[in-house]
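Each chain, letter by letter, is given below.
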Amino acid sequence: MGMSDMLKGYVEETTKKIVDKPNDVQVTISISTKAIILQIKVAQSDCGKIIGRQGRTIDALKVICLAIKNTNFPEDSRRVLLEVLEDENSGFSYK
């Protein structure tokens, strides 16, 4: 199992346990030379649950992902970044 599969699986499983609508959870991973970017897309009503108060939940997820990466792949120096994507159809308009 590769690092990207391991991190994506962990984030997806954990996120589904936190949110009210687990079927709407989508996790995509992008790997560059300097960073591993995990993008979490959830229902609009669940964005706050993933971010948490003052970002505590998303920070905790990031710390655990970093620990997983550093434990299993200690020679890898890339950063781990988590992004929560909001649904584009949020009803907010710029008009």
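This text goes with the structure placed above it.
To start, this report covers the structure provided alongside it. (Residues numbered from 1 in each chain as written. Predicted model: local features only at pLDDT ≥ 70, side-chain atom pairs only at ≥ 80, totals over all residues. Heavy atoms only, no water.)

## A short note on the pattern of salt bridges
Here the idea is simple: oppositely charged side chains can pair when their charged atoms come close. In this structure the tally under the stated criterion is 4 salt bridges. Across the pair Asp 46 and Lys 49 runs a salt bridge, and its minimum N-O distance is 3.9 Å. Take Asp 46: its relative accessible area is 0%, and that puts it in the buried class. If you follow the salt bridges from partner to partner, you end up with Asp 20, Asp 46 and Lys 49 in one network. (Salt bridge = Lys/Arg side-chain N within 4 Å of Asp/Glu carboxyl O. Buried < 20%, exposed > 50% of the residue type's maximum accessible area, 1.4 Å probe, protein only.)

## Concerning the side chain of Lys 69
Note that Lys 69 resides in helix 3 (residues 56-72). Look at Lys 69: it is buried, it has no salt bridge, and the nearest opposite charge is Asp 76 at 4.4 Å. Polar contacts involving the side chain of Lys 69 include one to the main-chain carbonyl oxygen of Arg 78, which spans 3.2 Å. Sequence-distant contacts of Lys 69, that is, excluding residues within four places in its chain, are made with Met 3, Leu 7, Ile 36, Pro 74, Asp 76, Ser 77, Arg 78 and Val 80. (Helix = DSSP H or I, 4+ residues; strand = E, 2+ residues; numbered from the N terminus. Lys, Arg positive; Asp, Glu negative; His and termini not counted. Polar contact = N/O pair within 3.5 Å; in protein donor to acceptor, adjacent residues only side chain to side chain. Contact = heavy atoms within 4.5 Å.)

## Overview of the side chain of Asp 46
Along the chain, Asp 46 falls in the loop between strand 2 (35-41) and helix 2 (47-51). One polar contact links the side chain of Asp 46 to the main-chain amide nitrogen of Lys 21, over a distance of 3.1 Å.

## Considerations on the sheet that holds strand 1 (residues 26-31)
Pairing is mixed in the open sheet, where 3 strands are placed in the order 1-2-3. Each edge of the sheet is formed by a strand with only one pairing partner; in this case those strands are strand 1 and strand 3 (79-85). Neighbour-to-neighbour, the strand axes of this sheet turn through a mean angle of 20 degrees, independent of strand direction. Here strand 1 pairs with strand 2 via 6 bridges, running antiparallel. Following the sheet pairing, Ser 30 is matched in strand 2 by Ile 37. Set on the sheet, helix 1 (residues 3-18) makes contact with strand 1, strand 2 and strand 3; between it and strand 2 the angle comes to about 30 degrees. Packing against the sheet, helix 3 makes contact with strand 2 and strand 3, and its axis sits at approximately 145 degrees to strand 3. (Pairing = 2+ DSSP bridges. Axes fitted to C-alpha atoms, helices over the stretch in contact; angles between N-to-C directions.)

## Overview of helix 3
For an α-helix, the turn length of 3.6 residues means that residues three or four places apart are oriented alike. In this model helix 3 runs 24 Å from its N-terminal to its C-terminal C-alpha over 17 residues, within 8% of the 24 Å that 1.5 Å per residue would give. The complete set of buried residues in helix 3 reads Ile 58, Leu 61, Cys 65, Ile 68 and Lys 69. Buried residues of helix 3, viewed axially, fall in a sector of 95 degrees; they line one side. Exposed positions of helix 3 whose direction lies more than 90 degrees from the buried face are Arg 56, Val 63 and Thr 71. (Expected span 1.5 Å × (residues − 1). Arc of directions from axis to C-beta.)

## Re the environment of Leu 66
With respect to the secondary-structure elements, Leu 66 resides in helix 3. For Leu 66 and Ile 36, which are 30 residues apart along the polypeptide, the C-alpha to C-alpha distance reads 9.9 Å.

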